[in-house]
Amino acid sequence: MKFLVSGHQTLAAAEHRSQLNYLESSKEWVQRLRDEKRLYGAYSFPDGGGIFIIDATSHEELTSIMLGFPLIHLSKFSVQPLADFEKTSDIIIEAIGGITDMRQHIFCP
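Residue numbers run consecutively from 1 along every chain, following the written order of its sequence. In keeping with the predicted nature of the model, local features appear solely for residues at pLDDT of at least 70, side-chain atom pairs appear and are counted solely at 80 or more, and the whole-chain, interface and lining totals rest on all residues. Processing note: side-chain calculations cover all non-hydrogen atoms of the structure and skip hydrogens and water entirely.

Asker: What's the story with the side chain of Ser-26 in this structure? I'm lost.
Answerer: Topologically, Ser-26 is positioned in helix α1 (residues 16-35). When checking whether two residues touch, look at their non-hydrogen atoms; a contact exists if any pair is within 4.5 Å. Ignoring sequence-local partners within four residues, the contact set of Ser-26 consists of Phe-69, Pro-70 and Leu-71. The numbering of helices and of strands both runs from the N terminus, where a helix is a DSSP run of H or I of at least 4 residues and a strand a run of E of at least 2.

Put into structure tokens, the structure is as follows:
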């Protein structure tokens, strides 16, 4: 399962050097997840924060992965599960394929 994790830092580190250490550790975390083929993308926003696209087998595994993020305790995240567009489209097409056109049921000039 892929998840879109969007977040931003809500609290600053206590001192400048700590902030640098957190950022360096975060870069190492991103690289480790890439090496493990768990991270499909990591992007920053120009005004701060960013997104990750993470592959996890479950919500619980995603929680475990995110708890390893060095800035987790200074950040706020939102998570959206991602569905494959083509597979989802096929499911919807199949579901509505048997539904008759509503114009047959209401008055249409």
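Asker: Is there a simple way to think about the nonpolar core in this case?
Answerer: Residue types Ala, Val, Leu, Ile, Met, Phe, Trp, Tyr and Cys, when buried and joined through side-chain atoms within 4.5 Å, form a set referred to as a nonpolar core. Burial classes follow relative accessibility: with a 1.4 Å probe on protein chains only, a residue under 20% of its type's maximum area counts as buried, one over 50% as exposed, and anything between as partly exposed. Counting 16 residues, the largest nonpolar core has Val-5, Trp-29, Phe-52, Ile-54, Leu-62 and Met-66 as the members making the most contacts within it. Of all the elements in the fold, those that place two or more residues in this core are β1 (2-9), α1, β3 (50-55) and α2 (59-67).

Asker: What's the story with the environment of Phe-77 in this structure? I'm lost.
Answerer: Within the fold, Phe-77 resides in strand β4 (residues 75-82). Note on Phe-77: relative accessible area 24%, which makes it partly exposed. Considered as a pair, Phe-77 and His-8 are 69 residues apart in the sequence and their alpha carbons are 6.8 Å apart. Apart from residues lying up to four places away in sequence, Phe-77 is in contact with Val-5, Ser-6, Gly-7, Phe-52, Met-66, Phe-69 and Ile-72.

Asker: Would you explain α2 in this entry?
Answerer: In an α-helix there are 3.6 residues to a turn, and that puts residues three or four apart on one side. Listed in full, the buried residues belonging to α2 are Leu-62, Ile-65 and Met-66. The buried residues of α2 occupy an angular sector of 95° when projected down its axis, which confines them to one face. Along α2, the residues that are exposed and aim more than 90 degrees away from the buried face are Glu-60, Ser-64 and Leu-67. Lining the buried residues of α2 we find β1, α1, β3 and β4. Working definition: the arc comes from the directions between the helix axis and the C-beta atoms, pointing outward to the latter.

Asker: How do you make sense of the confidence of the model for the protein when you look at a structure like this?
Answerer: Any region with low pLDDT has predicted coordinates that should not be read closely. Per-residue confidence from the predictor is reported as pLDDT, a score between 0 and 100. When pLDDT is averaged along the protein, the result is 89; 89% of the residues meet or exceed 70. In the model of the protein, helix α3 (residues 85-97) stands out as the element of lowest mean pLDDT, 87, in contrast to β3, which has the highest, 98.

Asker: Is there a simple way to think about α3 in this case?
Answerer: Take the residue count of a helix, subtract one, and multiply by 1.5 Å to get its expected span. When the terminal C-alpha atoms of α3 are compared, their 18 Å separation across 13 residues agrees well with the 18 Å that a helix rising 1.5 Å per residue should span. Within α3, only zero of the 13 residues are buried, leaving the element largely exposed. Distance and chemistry together define a polar contact, namely a pair of N or O atoms within 3.5 Å, with one atom able to donate a hydrogen and the other to accept it when in protein, and with adjacent residues in sequence counting only for side-chain atoms on both sides. The N-cap of α3, judged by a side-chain oxygen 3.1 Å from the amide nitrogen of Glu-86 a few residues on, is Asp-84.

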